[in-house]
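# Architecture and fold: a report
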Amino acid sequence: MTRTLTILGATGSVGEQTLDLVRRNREAWQVEALTANGNVTDLARLAREFGAKLAICGDEGCLPELREALAGSGIETAGGAQALCEAAARPVDITVAAIVGCAGLAPVMAAIEQGGTLALANKEALVSAGDVMTAALARHGATLLPVDSEHNAIFQCLAGNRIEDVARITLTASGGPFRTWSFEQLEAATPKQAVAHPNWDMGAKISVDSATMMNKGLEFIEAHHLFPVGLDRLRIVVHPQSVIHSMVEYRDGSTLAQLGPSDMRVPIASCLAWPQRMDTPLAPLDLPTIGELSFFVPDEARFPATRLAREAIETGGGAPATLNAANEVAVAAFLAGQIGFTRITAVVEDTLHRYSAPAPQCLDDVLGVDREARVRASELLEIA
Ligand code: NDP
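Residues numbered from 1 in each chain as written. Predicted model: local features only at pLDDT ≥ 70, side-chain atom pairs only at ≥ 80, totals over all residues. Heavy atoms only, no water.

### Concerning the site of the ligand
Quick note on the threshold: Distances are taken per atom, and a residue is near a molecule or strand as soon as one of its heavy atoms is within 4 Å of it. A 3.5 Å cut-off defines polar contacts: any pair of N or O atoms within that distance qualifies, except that in protein one atom must be a possible hydrogen donor and the other a possible acceptor, and neighbouring residues in sequence count only when both atoms are side-chain atoms. Here the Shrake-Rupley method, with its probe set to 1.4 Å, supplies the accessible areas, and only the displayed protein chains count as covering residues. Note on conventions: DSSP H or I runs of at least 4 residues are helices, E runs of at least 2 residues are strands, and numbering of each starts at the N terminus.
Residues in close proximity to the ligand total 24 residues, the closest being Thr11, Asn37, Gly38, Asn39 and Glu124. Here threonine 11 contributes a side-chain N or O atom positioned 2.6 Å from an oxygen atom of the ligand. Within the contact set of the ligand, an oxygen atom lies 2.9 Å away from a backbone nitrogen or oxygen of valine 14. Out of a free accessible area of 900 Å², the ligand has 85% covered by protein chains. Taken together, the elements giving at least two residues each to the shell around the ligand come down to α1 (13–23) and α6 (123–140).

### Examining the pattern of salt bridges
Here is the rule: Any Lys or Arg side-chain nitrogen found within 4 Å of a carboxyl oxygen on Asp or Glu counts as a salt bridge. We call a residue buried when its accessible area falls under 20% of the maximum for its residue type, exposed when it is over 50%, and partly exposed in between, using a 1.4 Å probe and counting protein chains only.
Applying the stated rule across the entire model yields 27 salt bridges. In this structure, the salt-bridge partner of glutamate 164 is arginine 162, at a minimum N-O distance of 3.8 Å. By relative accessible area, which is 51% here, glutamate 164 ends up exposed. Salt-bridge contacts for glutamate 249 lead to arginine 168; the nearest nitrogen and oxygen are separated by 3.2 Å. Of this pair, glutamate 249 sits in strand β10 (residues 244–250) while arginine 168 sits in strand β8 (residues 166–173); the two residues are 81 residues apart in sequence, bridging distant segments of the chain. Take glutamate 249: its relative accessible area is 23%, and that puts it in the partly exposed class. Because the salt bridges share partners, they merge into one network encompassing Asp20, Arg23, Arg24, Glu49, Asp263 and Arg265.

### What about the side chain of glutamate 150?
The condition is simple: Contact between two residues is taken to exist if any of their heavy atoms lie within 4.5 Å; hydrogens are not considered.
Note on placement: glutamate 150 falls in helix α7 (residues 149–158). Those residues within four positions of glutamate 150 in sequence are excluded, and the remaining contacts are Leu171, Thr172, Lys216, Glu219, His245 and Ser246.

### Things to note about the packing of aromatic side chains
Going by this rule: The pairing test for Phe, Tyr and Trp rings, Trp by its six-membered ring, is centres within 6.5 Å, and the orientation test on the planes gives stacked under 30 degrees, edge-to-face over 60, and tilted for anything in between.
In this structure the tally under the stated criterion is four aromatic pairs. Both rings, one in phenylalanine 178 and one in tryptophan 181, keep their centres 4.2 Å apart while their planes meet at 40 degrees; by these two values the pair is tilted. Exposure remark for phenylalanine 178: the relative accessible area of 1% places this residue in the buried category. Plain terms: the ring middles of phenylalanine 178 and phenylalanine 341 are 5.0 Å apart, the flat faces sit at 90 degrees to each other, and that makes the pair edge-to-face. Taken together, the residues phenylalanine 178 in the loop between β8 and α8 (183–187) and phenylalanine 341 in the loop between α15 (319–335) and α16 (343–354) connect sequence positions 163 residues apart. Relative accessible area serves as the criterion here: at 3%, phenylalanine 341 is assigned to the buried category.

### Some points on a nonpolar patch on the surface
Which entries qualify depends on this criterion: In this analysis, a patch consists of residues with relative accessible area above 30% that form no salt bridge, clustered at 9 Å for like charges and at 5 Å for the nonpolar side chains Val, Leu, Ile, Met, Phe, Trp and Tyr.
A surface patch of nonpolar side chains, amounting to about 440 Å² of accessible area, comprises Leu259, Leu285, Leu287, Ile290, Leu293 and Phe295. With respect to the helices and strands, the residue phenylalanine 295 is situated in the loop between α13 (287–290) and α14 (305–315).

### What about the sheet that holds strand β1 (residues 3–8)?
For clarity, the cut-off: Pairing between strands is defined by DSSP: at least two bridges between them are needed. For helices, the fitted line uses only the C-alpha atoms of the stretch in contact; every axis is such a line through C-alpha atoms, and the angle between N-to-C directions lies from 0 to 180 degrees.
A sheet is described by the order of its strands in space; here seven strands give the open sequence β4-β3-β2-β1-β5-β6-β7, paired in parallel fashion. Taken across any chain shown, the strands that pair with only one partner, and hence form the sheet edges, are β4 (76–79) and β7 (143–146). For this sheet, the mean inter-axis angle between neighbouring strands, taken without regard to orientation, is 20 degrees. The pairing of strand β2 (residues 29–36) with strand β3 (residues 54–57) spans four bridges and is parallel. Looking at the pairing, alanine 33 lines up with leucine 54 of β3. Helix α2 (residues 40–50) rests against β2 and β3 of the sheet, and its axis sits at about 170 degrees to β2.

### Focus on unusual backbone geometry
A cis amide bond, omega 5 degrees, links tryptophan 274 with the succeeding residue proline 275. Mapping proline 275 onto the fold places it in the loop between α12 (265–273) and α13. At methionine 213, a residue that is not glycine, the phi angle is positive and equals roughly 75 degrees. Checked against the element boundaries, methionine 213 lands in the loop between α10 (204–212) and α11 (214–226).

Structure below.
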């Protein structure tokens, strides 16, 4: 039976890996909409290859180029933020949310409103909207499947168990490319070094987040919303091999872990096939070759991001949205060569100190906090 699919952020790392799985089993899928921001060439190529009904570019200025690239194909085109939401609102069996950053939030909320299944990679949307998003999921009867490898692992380890029986959830972290670097070395780290992740091949923003450990901070907040066991039952452990993707410990002393190759096609496949399984081109783990698995407590003196995320979720209100927005601004500035690596978390911390954001009650409130936090963080960049 054919299932319908929309991919928000189809030209990115998660989007392309999703389409790689679809490509291997074309007859199982009918692609409804594919979206990008400004990468019109790849969007048009993918829309033609997969026979999408609709192709959308978030950057409205790129629409004429997209129209030209898809002329004669019969594929509908549109551009701009509102067009992204309209595409996301079309009913489909599964929507893969793979836009990077809070820019993906409004389309994610539009997808939730159509009440289908949402495979969420776009963690910044859930971090920013938190309770607003979980309330919308419940109101519209939508199903959220986590694509993030750690949350997908936890989701799998929870299957068939009761959340009340969970003693602790452990999120594993690779520690990123700078795990063993001194603070002095971190101060001199370049964007090129930061995006060279030892285990995962990802987009630039999440690669920098992995290097600062803010990725794990965002994931801590994401886990708090997805798996409501209480903050004291959530912990982060550094596991450099990225073989165990996370673990759930139960009150009887059993710990369930999910293991797999460091390849996002594994958690993506788990979402696409859920509640069944599907083939992937990946070889199973060869544990004797891997040899050893090691674990460490995170060093929050060198990598303060996880502390900032924990404090933001404890503060509540608009603090998580502020943390996320300030981080997006600081990471963009780092990638553009405007600030040093260690300034990223400093800008996030200063923004949180200077802006006490109100608790958002709806999507517009979240977007308001996001906008204001970006202004405050940008002001701090000037002071740097
Ligand atoms: P990429 O940067 O590779 O891709 C981002 C996608 O979003 C692209 O399609 C891009 O379009 C689109 N996009 C960017 N900005 C906008 C905008 N303002 N409006 C509309 N579309 C936009 O990111 P990743 O695939 O690495 O990450 C996507 C999400 O998944 C992130 O939230 C990340 O944290 C999460 N994630 C990623 C993992 C990975 O392995 N990559 C692992 C786990 C989670 P264009 O190409 O035109 O710029």
